[in-house]
Amino acid sequence: MILLRAGRWTTLAGLAMLAGLYVRALAFTPVERFQGAAQKIYYIHVPAAWTAMLAMAFVGGAGILYLLLRDRRFDRFAEASAEVGTAFSVVMLTTGPIWAKPIWGTWWTWDARLTFTLLLFLLFLGYLTLRGAVTEPDLRARYSAVLGICGLVLLPFIHLSVYLFRTLHPRPIVLQPARPALPPEMLLTLLLGAATMLVLYAGFVMQRMALAHRREREGHAHA
Amino acid sequence: MPDTPQNAGYMIAAYVVAGVVLVAYAVALWLRTRRTDE
Amino acid sequence: MGEALRDAWAIARKDLRLEFRTRTAILSALVFTVLVLLVLNFGRDPTAVAAVDLAPGILWVTFTFAAMLALNRAFQLELENQALDGLLLAPVDPASLYWGKLIANLAFVGVVEAVGLPVFVLLFNVPVAHALVPLVGVIALATVGFVAVGTLFSAMVIRTRFAELMLPMLLLPFLIPPLIGAVQVTARLLASRPLSEVAGALKLLAAYDIVFVLLATLLFPLTVRE
C-alpha cells in the first residue's frame, strides 16, 4: 500500500535525521555558558513540543473537516495525529522535567511550559480514551471531532491562564534561563530539530493512517 | 562570572529517553503494520 | 428563538422537579461537600499554614467535586428510565436540550455552592463579608465554565462503558483555565486586594464562559442525533 510504504520511508528518513541531530547537538553545538550542557535538552524538547501542538491543531482541524465533509479519511487522520501527538507529548513531558531539574532546581513547577505540556498530554489521552470507548465508527468519528474541536479551542486559554498565573507568581530560579539571543550555530541545531520532528511526525502519521485504513477494510470484510 | 555548571548527566538522560521513545514508537508502528499473515 | 428558550426552560424545570421530588442526588452532593470540607479542615495544621492561604484551593477543590457530581447525574436520570429516547423524539431543538440541561446543572451546582460557602467560612474561619459580591461573581463565572463543557461531555460519555470515569478524565484539561483564574481571584479577594488587580483573570473567565457556551451549543446537536 502506497501510504504505508511512503510512511515507512519517511520514518526512516526521520530517524536518520534524528541521528544527525543528536550528533550535531551533542558534539558540534557549543555549550551554553550559564546553563551548562543541560541546556542542549532544548533542541529535543522544544521541537517535540511544537510538533505535539501541531498534532493537536491537526486533530481539531481534521475534526472540523470531517464534520463538514463527512469524509472518513479526515477521521483517520485525526486518529493518527492524536496517537503520534501522544508520542511526542511523552517526549515533551519527560524531557521537560529532566531539563527543569538542573536549570530550575526542581523536577516540576506550574510554569507556563510544563503545565501546558501536561495538559496537552492529558488532552491526547482523553481523546484516545474516548475513541477506545465508542465502538460504532460514525459515532466515534463524530464524538472525536467534538472533543478535538473543544481541545483546539482550549489551547489558547491554557496558554493565557498559565501566563496569568506566572505573572502573578514570580518564580525563584536557580539559573537564569534568559531568552537567549540564539547564536547561529544553536539556531541551526534547533531548526534541524524542528525539521527532524516534523519528518518523523509525517512518517508516523502516514503509517498510522495506513493501519487505520487496513483495519477498517478488514472490519468490513468480516462483517 | 560563575562557572559553567556540570550537568551533562541530565542532558544524556534526556537524549536517551527521547531517543528511546521515538525509536520505540517507530518500531511499534513497524510491527503493527506488518502483515502477520504474509 | 422564544420557543427555543421556552423549551429549554421546560427541560430545565422537568429536571429540577425530578431532583426535588427524589432529593437523593442533591442531598448526597450536599453531604459530600460538607464531608470534604470537614476532612480538609481536620487534615491541616492551623499553626503551619494560615487558613487564608489554603482557603482558595480548598474552596475550589470542593466546588469542583460538586460540579462533577452534578454532571454525572445529569444524564443518568434520563438513561435510567429510557427517557432519553423520548426526549430525542420530541420536536425540540437540540440546542434547547443543551440549554435546559445547562440551566438544570447550574441550579444544582449553585445550590451546593450556596451551602458549601457558608460551611467553608464557618469551618475555616475565613472572613468573606468584605468581598462577598465579587466572590459570588467569580464563583458563578468559573462554575458556568465547568458546567458548560461538562454538560456537553456528559452527553457523549453517557453511551460509553465507564461513563463515571470518562467524564472527569475528559473534563480535566478543560477545568484548568477556569480553576487557575478562580483560585487566583479568590485568593486576592480574601486577602482584600483591590478588584483592579484581578480584572485580567475575570476577563479571562468571562471570555472562557462565552466561548465555550457558544461552542457547546453549536456542537451539542452532534452528540445526541442518532
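Residues numbered from 1 in each chain as written. Chains lettered and ligands numbered in written order. Predicted model: local features only at pLDDT ≥ 70, side-chain atom pairs only at ≥ 80, totals over all residues.

Trainee: How should I be thinking about the overall build of chain B in this particular structure?
Mentor: The helix and strand tally for chain B stands at one helix and zero strands. Looking at chain B as a whole, 29% of its 38 residues are labelled buried. (Helix = DSSP H or I, 4+ residues; strand = E, 2+ residues; numbered from the N terminus. Buried ≥ 20, exposed ≤ 12 C-beta atoms within 10 Å, placed from the backbone.)

Trainee: Sorry if this is basic, but what is going on with the overall build of chain A here?
Mentor: Each helix and strand in chain A was counted, giving six helices and zero strands. Along its sequence from the N terminus, chain A presents helices and strands in the succession α-α-α-α-α-α. With the C-alpha coordinates aligned to their principal axes, the bounding extent of chain A is approximately 60 × 40 × 25 Å. Taken over 223 residues, chain A has a buried fraction of 47%. In chain A, once contacts between residues fewer than 6 apart in sequence are set aside, the share between residues at least 24 apart is 79%. (Contact = placed C-beta atoms within 7 Å.)

Trainee: I would appreciate a short explanation of helix H7 (residues 163–190) of chain C in the present structure.
Mentor: Residues separated by three or four positions in an α-helix point in the same direction, a consequence of the helix having 3.6 residues per turn. Residues and elements named next belong to chain C. Residue Leu172 marks the point of greatest curvature in H7, where the axis turns by about 50°; the proline Pro173 follows within four residues. Extensive coverage of H7 is indicated by the burial of 22 of its 28 residues. Of the residues trailing H7, Ser192 is marked for its positive phi of about 60°. (Bend = angle between axes of the 7 residues up to and from the residue.)

Trainee: Mind showing me how you'd approach the interface of chain A and chain C here?
Mentor: One frequent convention defines the size of an interface as the accessible area lost when the parts assemble. Taken residue by residue, the interface counts 25 residues in chain A and 25 residues in chain C. Elements with a contribution of two residues or more to the side of chain A that touches chain C: helix H4 (112–133) and helix H5 (137–168) of chain A. No other element matches H5(A), which puts 16 residues into the side of chain A that touches chain C.

Trainee: Would you mind showing me how to read the interface of chain A and chain B here?
Mentor: Every contact between the two is made by 31 residues of chain A and, on the other side, 20 residues of chain B. A total of nine residues in the side of chain A that touches chain B trace back to one element, the largest contributor, which is helix H3 (residues 72–104) of chain A. Partitioning the side of chain A that touches chain B into residue classes produces 22 nonpolar, five polar and four charged. (Nonpolar A, V, L, I, M, F, W, Y, C, P; charged D, E, K, R; others polar.)

Trainee: Got a minute to help me understand the environment of Ala8(B) in this structure?
Mentor: Residues and elements named next belong to chain B. As for its placement among the helices and strands, Ala8 is situated in helix H1 (residues 8–33). Using a count of 15 C-beta atoms within 10 Å as the deciding quantity, one classes Ala8 as partly exposed. As a C-alpha pair, Ala8 and Val20 span twelve residues in sequence and 18 Å in three-dimensional space.

Trainee: Looking at this structure, how should I read the environment of Leu152(C)?
Mentor: Residue and element names in this part refer to chain C. If you trace the backbone, Leu152 turns up in helix H6 (residues 132–157). Residue Leu152 is classed as buried on the basis of its 30 C-beta neighbours within 10 Å. Not counting chain neighbours up to four residues away, the residues in contact with Leu152 comprise Ala216, Leu219, Phe220 and Thr223.

Trainee: Sorry, what's going on with the environment of Arg44(C) here?
Mentor: Residue and element names in this part refer to chain C. Looking at where Arg44 falls in the secondary structure, it is placed in the loop between helix H2 (24–43) and helix H3 (51–80). The spatial distance from the C-alpha of Arg44 to the C-alpha of Ala29 is 23 Å, given a sequence separation of 15 residues. Beyond its immediate chain neighbours, meaning those up to four positions away, Arg44 contacts Val49 and Leu54.

Trainee: What am I meant to see in the packing of helix H2 (residues 42–69) of chain A against H4(A) here?
Mentor: If you want to describe how two helices pack, look at the angle between their axes and the distance between the axes. Residues and elements named next belong to chain A. In the contact formed by H2 and H4, the axes pass within 11 Å of each other and the chain directions differ by 40°. Judged by the inter-axis angle, H2 sits oblique to H4. Seen from above, H2 lies across H4 with left-handed handedness. Contacts between H2 and H4 involve Ala49, Ala52, Met53, Met56 and Val59 from the former and Thr117, Leu120, Leu123 and Tyr127 from the latter. When the residues that make up the contact of H2 with H4 are grouped by side-chain class, the tally is eight nonpolar, one polar and no charged. (Axes fitted to C-alpha atoms, helices over the stretch in contact; angles between N-to-C directions. Parallel < 35°, antiparallel > 145°, perpendicular 65-115°, else oblique. Left-handed = near helix turned anticlockwise from the far one by under 90°.)

Trainee: Mind showing me how you'd approach unusual backbone geometry here?
Mentor: The bulk of non-glycine residues show a negative phi, and the bulk of peptide bonds are trans. One non-glycine residue, Arg70(A), lies in positive phi territory at about 55°. Notably, Ser192(C) is not glycine yet its phi reads approximately 60°, a positive angle. Examined against the element boundaries, Ser192(C) turns out to sit in the loop between H7 and helix H8 (199–224).

Trainee: How do you make sense of the confidence of the model for chain A when you look at a structure like this?
Mentor: In regions of low pLDDT, the predicted coordinates are not meant to be interpreted in detail. All names here are of chain A. A residue-level look at chain A finds 91% of positions with pLDDT of 70 or above and a mean pLDDT of 86. Considering each helix and strand of chain A separately, the mean pLDDT is smallest for H5, with a value of 86, and largest for H2, with 94. Of the regions scoring below 50 in pLDDT, residues 172–176 engages in eight contacts with residues more than four places distant in sequence or in other chains. (pLDDT = per-residue confidence, 0-100.)

Trainee: Before we go on, may I ask you to explain the packing of H2(C) against helix H5 (residues 94–124) of chain C in this structure?
Mentor: All names here are of chain C. With their axes 10 Å apart at the nearest point, H2 and H5 run at an angle of 25° to one another. As far as their axial angle goes, H5 and H2 are roughly parallel. The two elements H2 and H5 meet at a crossing, and its hand is right-handed. Each of Ile26, Ala29, Leu30, Thr33, Val34, Leu37, Leu38 and Asn41 in H2 lies in contact with H5, whose residues at this interface are Phe108, Val111, Val112, Val115, Gly116, Val119, Phe120, Leu123 and Phe124. In terms of residue class, the contact of H2 with H5 is made up of 14 nonpolar, three polar and no charged.

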